[in-house]
Amino acid sequence: MSPNTTNLSPFRNEPFTDFSSPENKRAMHEALERARAELGQTYDLIISGSAVRTSTTFHSVNPANPSEVIGIHYAADAEQANEAVDAAQRAFSLWKKVSVAERVALLVRAANLIRQRHFDFCAWLTLEVGKNWAEADADVGETIDFIEFYAREALRLDAATTPIQYPGERNLLRYVPLGVGTVIPPWNFPLAIMAGMTAASIVSGNTVVLKPSPDAPTIAARFLALMEEAGLPDGVVNLVQGGPEVGRALVEHPQIRFIAFTGSKKVGLEIHERAARTQPGQHFLKRTILELGGKDTIIVDADGDLDAAVDGVTASAFGFNGQKCSACSRVIVESSIYDTFCDRLKERVEKLTIGTPADNFQTGPVINEVARKRVLDYIAIGKSEGKLLTGGSAIETAAGGYYIAPTVFIDVSPTARLAQEEVFGPVLAVIRSENFDDALAIANNTEYGLTGALYSGSREKLDRARDEFHVGNLYFNRKCTGAMVGAHPFGGFNMSGTDSKAGGPEYLTLFTQAKSIAEKRGSVSDVSGD
Ligand code: NAD
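Conventions we followed
- Residues numbered from 1 in each chain as written.
- Predicted model: local features only at pLDDT ≥ 70, side-chain atom pairs only at ≥ 80, totals over all residues.
- Heavy atoms only, no water.
- Buried < 20%, exposed > 50% of the residue type's maximum accessible area, 1.4 Å probe, protein only.
- Helix = DSSP H or I, 4+ residues; strand = E, 2+ residues; numbered from the N terminus.
- Pairing = 2+ DSSP bridges.
- Right-handed = clockwise from strand over helix to strand, strands pointing away.
- Disulfide = S-S within 2.5 Å.
- Core = buried A, V, L, I, M, F, W, Y, C linked by side-chain atoms within 4.5 Å.
- Domains from an automatic or database assignment.
- Contact = heavy atoms within 4.5 Å.
- Near = heavy atom within 4 Å.
- Polar contact = N/O pair within 3.5 Å; in protein donor to acceptor, adjacent residues only side chain to side chain.
- Areas by Shrake-Rupley, 256 points an atom, 1.4 Å probe, with all protein chains shown as cover.
- Nonpolar A, V, L, I, M, F, W, Y, C, P; charged D, E, K, R; others polar.

A. Broad picture of the pairing of strand 11 (residues 287-291). The buried fraction of strand 11 amounts to four of the five residues, a majority that puts the element mostly inside the structure. For strand 10 (residues 258-262) and strand 11, the ladder comprises five bridges, and the chain directions are parallel. In the sheet register, Phe261 faces strand 11, and the bridge partner there is Leu290. As for the winding sense of the linkage, the β-α-β connection from strand 10 through helix 9 (residues 265-276) to strand 11 is right-handed.

Written out as structure tokens, the structure reads:
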């Protein structure tokens, strides 16, 4: 490895791709063709850099066309989980001694390779999880951003000093790695979140066992192959595929020092509890970095820009079919504009185009049959709790994709299930508020606290919301999705997680432990500065 990290340019977010350009359109079509030519391949588990196969396989499929197999993957169980932890443990003894500059150089090479294959990764995201082109592009861009940002953060942390030099001493603060961790990502940002948590772990000197979501295993397998191409040493990232069983084995493993998890509240709470139980042979407190679900709210105040609010709510609620932790699933509208807002929203939502992500429709399928059923169950609940404004049913297609019409319920009570529980699909509840105080009280009435937004033309109300709207990511006069690395460090309050602020300046401290070292000045003659 030839580290050349001293002259890294300042971090800049990756630009979005303009798909209205014929050149980019053609590039995306070609990438989809290349991906289609490779569908249905079998991918190995990777432990200590070697391919591992088991007696069981599972398929990942295209949610727009479930008969299309995207990848076939060997399913790991506790045996492979244990082997992978052992491999990561062996690799840790070497990786922790590799200079920060070399670890950073690995990340920079990986980011460059992803840049070169930007359209290919977009195509795999479109086919495996059903992202339309813009959503896939944002996922790939965020992946590069996380990797480039954490590379620079690792250098910054490596140069950290104590705030004070105590008289007569030389004081140092070194951020050292934790050890072996497990990275357990969700399926909905299967490249950005998976790669982001992995990059943060390894650039900090840790080694990991990566267990991707069984709904997006191919993207993770292809990412790991790219990391190997970038020069990842054997055992630094080990890949095991499977569901809850292998996830539990990793979380409970006595040598797993930290768990970087992003996913549902239910699973996050289970991990929190399991990780707290000390296992025989365990000699540290496990650290959990848990980013969970949301019930994200947009407040539309009577003095806000109504057109912008209708657009922002529609984009936040139905972008990627509401399958974002940050998706708006409740909008609170002041009584005086409520009817107008509802009329405009109905008109706007009914203009959304629905169809296959590969053909770049605005909305597409939900991820799988379980999700389809869950969302339809919530629609049934909505029909008893509110008034259906638009949507409200599944859409059948010849290919059997998991489509559900963008659905809006109005007149939903602030305490209804539809106003309190995460749906994670294209369903929006509209709630009426009497005034701004009422709106803020409703906005804060769930167990979550991830994202929120306010549309208002009043500086006073924005200031009040800044202080009183209790969420980890708050936006004014814009949508509540689309956090940018560096500008919007991301993480939620309350049951939305441990507020780790991915893409923020403290993130890498979660993957390290700080060692404070004090040396008496003059005690050894060769100490620099004496
Ligand atoms: P999920 O909780 O079902 O699964 C997440 C991961 O955990 C998967 O890899 C899964 O295989 C694994 N897993 C499942 N059961 C496990 C267990 N018992 N022990 C260990 N691992 C286990 O979530 P999902 O459906 O993949 O993703 C959607 C959820 O993620 C939503 O709730 C969404 O809000 C949340 N999410 C949060 C953020 C955030 O930053 N806060 C970002 C994206 C998604």
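B. Seen up close, the state of the cysteines. Summed over the entire model, instances satisfying the criterion amount to zero disulfides. Just so you know, Cys122 is unpaired, no disulfide at all, and the nearest cysteine sulfur is the one on Cys325, 19 Å from it. Among the cysteines around Cys325, which has no disulfide bond, Cys480 carries the closest sulfur, lying 9.9 Å off.

C. Summary view of the nonpolar core. Core analysis: the largest hydrophobic core is formed by 111 residues, its most contacted members being Tyr150, Ile202 and Ile299. A total of 11 residues in this core trace back to one element, the largest contributor, which is helix 5 (residues 133-158). Split by domain, the residues of this core number at least three in each of domain 1 (78-164 + 172-292 + 497-515) and domain 2 (296-476). For Ile299, the contacting residues outside a window of four places in its chain are Ile332, Phe436, Ala439, Leu440, Ala443, Ala453, Leu454, Tyr455 and Phe469.

D. Examining unusual backbone geometry more closely. Look at Ser48: it is not a glycine, yet its phi comes out positive at around 55°. Relative to the elements of secondary structure, Ser48 occurs in the loop between strand 2 (45-47) and strand 3 (50-52). Given a relative accessible area of 24%, Ser48 falls into the partly exposed group. In the Ramachandran plot, Lys501 falls in the positive-phi region, its phi being about 55° despite a non-glycine side chain. Looking at the element boundaries, Lys501 is found in the loop between strand 20 (473-476) and strand 21 (512-520).

E. Representation of the site of the ligand in the model. Taken together, 28 residues lie near the ligand, and Pro185, Lys211, Ser264, Leu292 and Glu422 sit nearest. Pro185 places a polar main-chain atom, nitrogen or oxygen, 2.8 Å from an oxygen atom of the ligand. In this structure, a nitrogen atom belonging to the ligand sits 2.7 Å away from a main-chain N or O atom of Leu292. Starting from 860 Å² of accessible surface for the ligand in isolation, the protein chains cover 90%. Looking at the shell around the ligand, the elements that each hand over two or more residues are helix 8 (244-252), strand 10 and helix 9. For the shell around the ligand, the class distribution of residues is 16 nonpolar, seven polar and five charged. Counting only domains with at least three residues in the shell around the ligand, you end up with domain 1 (78-164 + 172-292 + 497-515) and domain 2 (296-476).

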